[in-house]
Amino acid sequence: MTSVKKVTPGGYMTVYLALTVTVIMALCLALIEGCRYRGISLETECVMDIGMDSILAEYHRELQKQYNLFAIDCSYGTESASTKLTESHLLEYMNRNFSLEDVFLEKLLYRDFFAVQAEEAQAVKAAFLTDGEGGEVFRRVAVDAIEDTVGIGLLQQLTDWLQVIESRGLEQQDIAGQKQQIDAQIQEYDGKETTEGKTVHIENPTAALEEKRNKGLLKLVTEEDNISSRRIETESLLETRMERGEINCGNLVPGTAENYEEWEALKQKVFFHEYLLRYLGRYGQEKQDSPLWYQTEYVIVGKDNDTDNLKGIVNRIFVIREAANTMYLTGSEEKRAIAELLGEALAAAMMVPEIGELLAATLILGWAFAESVYDVKELLAGEKIPLLKTDATWHYGLSSALQGELPGTSEEDASGSDSPGMGYEDYLRIFLLLCEEKSVTCRAMDVVEMDIRNTPGNRAFRLDTCIVEIAMNVKVKSKYGYSFEIERQKSYIGSLEAIENTGN
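Notes on the structure follow. (Residues numbered from 1 in each chain as written. Predicted model: local features only at pLDDT ≥ 70, side-chain atom pairs only at ≥ 80, totals over all residues. Heavy atoms only, no water.)

**Quick word on the pattern of salt bridges**
Then, in step 1: What the rule picks out here adds up to 29 salt bridges.
Then, in step 2: Among the salt bridges present, the one from glutamate 171 reaches arginine 316, with a minimum N-O distance of 2.6 Å. Taken together, the residues span a long stretch of sequence, with glutamate 171 in the loop between α6 (152-167) and α7 (175-187) and arginine 316 in helix α14 (residues 306-331) at a distance of 145 residues.
Then, in step 3: For arginine 316, a relative accessible area of 24% gives the class partly exposed.
Then, in step 4: Through salt bridges that share partners, Lys179, Asp183, Glu210, Arg213 and Glu322 make up one connected network. (Salt bridge = Lys/Arg side-chain N within 4 Å of Asp/Glu carboxyl O. Helix = DSSP H or I, 4+ residues; strand = E, 2+ residues; numbered from the N terminus. Buried < 20%, exposed > 50% of the residue type's maximum accessible area, 1.4 Å probe, protein only.)

What follows is the structure in structure tokens.
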């Protein structure tokens, strides 16, 4: 009989599998935890970007609608402005994106693998619209809003006009003062006796024109009923607050100094002024829902009412036109000869031939005055007038000018809207270039503030609470023990800058 030996199996396989499974499980758990860590990091970056985009999407709607400017009003319609409100908005947006509350049956079907929450947000840097030297940030965003639509040819044309005005001193000449001196010299002969014993009686041929001048130039060139009499209170506007040191200041200027240096100063000024002419009201293109109708005139003159601002512009235009017209008359042999001949005839009639030259001079200046009144009236009506007249573009004859026809029937009417020359808007361009840029910028910001405040819900609006570029630092924590700190900087006028993201 054969015996069978029973073999008992060993336990080495069980031990091997146990050791292997332990290593595999540790590896899997490490991989899962690594995925959690990197997933939290990636989700934090994505949610931060979405949150910053959401903050920028809160731009002030009325500011964009009226002036094509994008900025976050950190007061959010309240009377207290602080970046704290912007920080809380960012936390709200981020935590809403971290949450799974909007997922269908999220409590039954899902478990939050990351469990992340934004705990603290801080605005570490901010640039307000009023920041920079004399409103540099405001000018920058305004230029960005219009730069692509302005032709470079305008810059050359303005340069040519400005060169003529400055080289010939058209704005510095006091033609009215010169005429008063000449008229005073003529008047000295009144009442004197001639060698024949007769009393001299002087009648100045331009007396009627001087009476019209003394009534005010503005009344000569436009109907009083057409002039706005609106007035504003400047105490609460930005320029006054800036003088008192009561504006918010940021700690970030968008762009780099190198970018600013690359811009030609004149080009930057012209583009900024074109922005103002496009978005601000002026005579002939009034913004009738605004506290001031003649807003561009306010930027140049700076008075608190429309009448004085328009009067200031009209007077400045008249100075240029009168100087240019006087220059033309003195340089025209034909017209100067007419004035001299008439002056000598009048002097002989009044028995004082020695004042012939003085009478000829006052006739030329009176003639230039009459032509200038016509020019300014045409400009205000939307016509164009050549900066320097020629025989073909001169309007008045001497007889018409002396009769005080302002304006009257033209003897040589060659002007019109199709004639080459400068319009009223072109003179505003020149005056803007001649103004101090800080004053122009501050008054322009005054206009923006007053217009926005004139709309519903914006009574307390201030430009120095409007952010155009902001850098935010956010601390994020997961219930699994991970914490992150992330920083993003975003702007309406530049590309995304430095990104910092550290985890621990």
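That covers the picture; the talk isn't over yet.
**Remarks on helix α18 (residues 424-434)**
Then, in step 1: In terms of residue burial, α18 counts as a mostly covered element, since 9 of its 11 residues are buried.
Then, in step 2: For α18, the set of buried residues is Tyr424, Asp426, Tyr427, Leu428, Arg429, Ile430, Phe431, Leu432 and Leu433.
Then, in step 3: Contact partners of the buried residues in α18: α6, α12 (265-279), α13 (295-301), α14, α16 (356-380) and α19 (437-453). (Contact = heavy atoms within 4.5 Å.)

**Some points on the packing of aromatic side chains**
Then, in step 1: By the definition in use, this model includes 14 aromatic pairs.
Then, in step 2: Their ring planes at 85° and their centres at 6.2 Å tell us that tryptophan 367 and tryptophan 394 sit as a pair that is edge-to-face. Linking tryptophan 367 in helix α16 with tryptophan 394 in the loop between α16 and α17 (398-402), this pair joins segments that are 27 residues apart in sequence.
Then, in step 3: Accessibility expressed as a relative area gives 2% for tryptophan 367, which makes it buried.
Then, in step 4: Since its relative accessible area comes to 0%, tryptophan 394 is described here as buried.
Then, in step 5: Among the aromatic residues, ring-to-ring pairing joins Tyr37, Tyr482 and Phe484 into one connected group.
Then, in step 6: Positioned above the aromatic ring of tyrosine 480, the side-chain terminus of arginine 36 is 3.8 Å from the ring centre.
Then, in step 7: For the cation-ring pair, arginine 61 lies above tyrosine 59, with the distance from its terminal atom to the ring centre recorded as 4.0 Å. (Phe/Tyr/Trp six-rings, centres within 6.5 Å; stacked < 30°, edge-to-face > 60°. Lys NZ or Arg CZ within 6 Å of the ring centre and 35° of its normal.)

**Let's talk about the pairing of strand β4 (residues 483-491)**
On a regular strand, one side chain projects to one face of the sheet and the next to the other, so that they alternate.
Then, in step 1: Counting buried residues in β4 gives 7 out of 9 residues, a clear majority hidden from the surface.
Then, in step 2: Between strand β3 (residues 466-478) and β4, which pair antiparallel and follow one another directly, the connecting turn spans 4 residues, one of which, glycine 481, has a positive phi of 100°. (Pairing = 2+ DSSP bridges.)

**Focus: the side chain of arginine 443**
Then, in step 1: Relative to the helices and strands, arginine 443 resides in helix α19.
Then, in step 2: Judged by its relative accessible area of 16%, arginine 443 is buried.
Then, in step 3: Separated by 3.2 Å, the side chain of arginine 443 and the backbone oxygen of isoleucine 300 make a polar contact.
Then, in step 4: Every residue in contact with arginine 443, bar those within four places of it in the chain, is listed here: Glu239, Tyr298, Val299, Ile300, Val301 and Gly302. (Polar contact = N/O pair within 3.5 Å; in protein donor to acceptor, adjacent residues only side chain to side chain.)

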